[in-house]
Amino acid sequence: MSKEAKEGKRTMTQTLLIKNARVVVTMDDARREIADGGIFCRDGVIEAVGPTNELPTEADEVIDARDQIVIPGLVNTHHHMYQSLTRVIGPAQDAELFGWLQALYPIWAGLTPDMVRTSTLTAMAELLLSGCTTSSDHLYIYPNGVNLEHSIEAAQQIGMRFHAARGSMSVGQSQGGLPPDRVVEQEPAILKETQRLIERWHDPARHAMLRIVVAPCSPFSVSRGLMRDSALLARQYGVSLHTHLAENDNDIAYSREKFGMTPAEYAEDLGWVGPDVWHAHCVKLDEPGLQLFARSRTGVAHCPCSNMRLGSGIAPVRRMRDLGVPVGLGVDGSASNDGAHMLGETRMAMLLQRVTGAAMTARETLEIATRGGAQVLGRDDIGALAPGMSADFVSFDLNHVGLAGGQGDPLAALVFCGAPQVTHSIVNGRVVVRDGQLTTVELPRVIEQHNHFARLLAQAS
Ligand code: ZN
């Protein structure tokens, strides 16, 4: 495959103009909010952002965003898209993390390649319609011939910017781990397959639509050796590392009992800190751990809804931000946050910090969901609207009933009020949602197939 085909690039020059937006929230270095604004893009890259009357007047495609607010596409840093097939499963509805996992592992053992493809399309459709343009997906279970390419195919079909994390589990119950033995893999095979995927798919270039991430599932499902070897492999190729860390009290207890260390000490011992690493949750990261993450620029994927759903606790995001820890937002899998609405997640992140008495404004929370996510994923080309950045942005209709009365501060309204769906979503300069409808897939058919697979999966277990 040619490099251009690999990156999904067009060969013909193509321009796009979005104009007349009530406000364009740039999240650029000056945090400009431009009234009657617009954006001019060429070949998937932003060329100019400013008041509509200062932009070119013609383009191959022109979108009138009158009465709309335009923001950078939100960046989702943690997800398990296949879990959209196992929403609200009875025995897992009211459990904490370990019990929840033990109820779900046997069901997930029935996953097939078609189920992964369809559930990834479903999850990405939900994300795109809720403001997200770049997502990571942590796929760590590979039964019945499933491989990471089944989710990559879905991302390419729907047109989402994608960080595909090759997860893994290698320590089954017979070895003292949490997952049943039948869903774990052999460590040499995991490393070999991960290396193959990096060589085949990883695109390090700016504006890349696809990157590969090395992502053993968690300290309680893989060995110390696999964590170390994964870090070596990732650094050999210059790709990012991702896992779950310090999610709840049981997670801390497991780390102390098995490794004699806190999760942060364990991560440091394994080489799992640095600007190329991000950890999901970190709800129970202690003060020395927070200091370590700040010093080493280790990232965190904050998943407020999942943390509430599983009763894990409240991540110290205020403290993280004050110390300079890179923080992005994640919806997490839909078995632990059954509604994966990225703008809704942003709202919850703001509200949940306030429960602890910490200050968190709408603007800072939106910054976490955009620039923060970009930093956590190791990208300097998304998360803000400025010349030279990727053309990834979304618009919302300010006449939506849930925003009525909030016209005095549309940006704040977007975060504080009931989160609407997007009017338009542009990814890499391509209109993926137009007038509230996905342009790349037939959503009702995807949902029908998804529900069919969800029923099959539940019946098979
Ligand atoms: Zn997770």
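Numbering of residues starts from 1 in each chain and follows the order in which that chain's sequence is written. Per-residue local features are limited, in this predicted model, to residues with pLDDT of at least 70; the limit for side-chain atom pairs, both in listing and counting, is 80 or more; totals at the level of whole chains, interfaces and linings are taken over all residues. Note that the side-chain values use all heavy atoms of the structure and ignore hydrogens as well as water.

1. What to know about the coordination of the zinc ion
We call an atom a donor if it is N, O or S and sits within 2.8 Å of the metal, or 3.2 Å for Na, K and Ca. Water is not counted, so some sites may look partial. Surrounding the zinc ion are the protein donor atoms His-78 (NE2), His-80 (NE2), His-244 (NE2) and Asp-332 (OD), at 2.0 to 2.7 Å. Motif for the zinc ion, donor spacing along one chain: H-x1-H-x163-H-x87-D. Residue His-244 is found in strand β10 (residues 240-245), and its partner Asp-332 is found in the loop between β13 (327-329) and α12 (342-355); the two are separated by 88 residues along the sequence. Helix and strand labels come from DSSP, where a helix needs a run of H or I of at least four residues and a strand needs a run of E of at least two; each type is numbered from the N terminus.

2. Details of the state of the cysteines
The rule for a disulfide is simple: a pair of cysteine sulfur atoms within 2.5 Å. Across all of its chains, the model carries 0 disulfides by this definition. The thiol sulfur of Cys-217 is not disulfide-bonded, and the nearest other cysteine sulfur, from Cys-303, lies at 13 Å.

3. Notes on the packing of aromatic side chains
To pair, rings of Phe, Tyr and Trp, with the six-membered ring standing in for Trp, must have centres within 6.5 Å; the planes then decide the type, stacked if under 30 degrees apart, edge-to-face if over 60, and tilted in the middle. Overall, the coordinates contain 9 aromatic pairs when judged by the stated rule. Where Tyr-254 meets Phe-259, the ring centres are 6.1 Å apart and the plane angle is 70 degrees; that geometry is what we call edge-to-face. The two residues Tyr-254 and Phe-259 agree in class, both being buried. Taken together through their ring pairs, the aromatic side chains of Tyr-82, Trp-100, Tyr-105, Trp-108 and Tyr-140 make up a single cluster. Accessible area is worked out with a 1.4 Å probe on protein chains only. A residue is then buried under 20% of its type maximum, exposed over 50%, and partly exposed in between.

4. A closer look at the side chain of Thr-194
As for its position among the elements, Thr-194 is in helix α5 (residues 187-201). Overall, Thr-194 belongs to the buried group, its relative accessible area being 2%.

5. Observations concerning the pairing of strand β16 (residues 430-434)
Residues in a regular strand project their side chains so that they alternate between the two faces of the sheet. Strand direction decides the pairing type here: strand β15 (residues 424-427) and β16, joined by 3 bridges, are antiparallel. Note that in β16 the partner of Ser-425 across the bridge is Val-433. In this structure, the hairpin formed by β15 and β16 is closed by a connection of 2 residues, where Asn-428 is found at a positive phi of approximately 55 degrees. Strand pairing is assigned whenever DSSP identifies at least 2 bridges connecting the two strands. Remark: 2 residues form the turn of the hairpin made by β16 and strand β17 (residues 437-438), two consecutive strands paired antiparallel; Asp-435 in that turn has positive phi of roughly 50 degrees.

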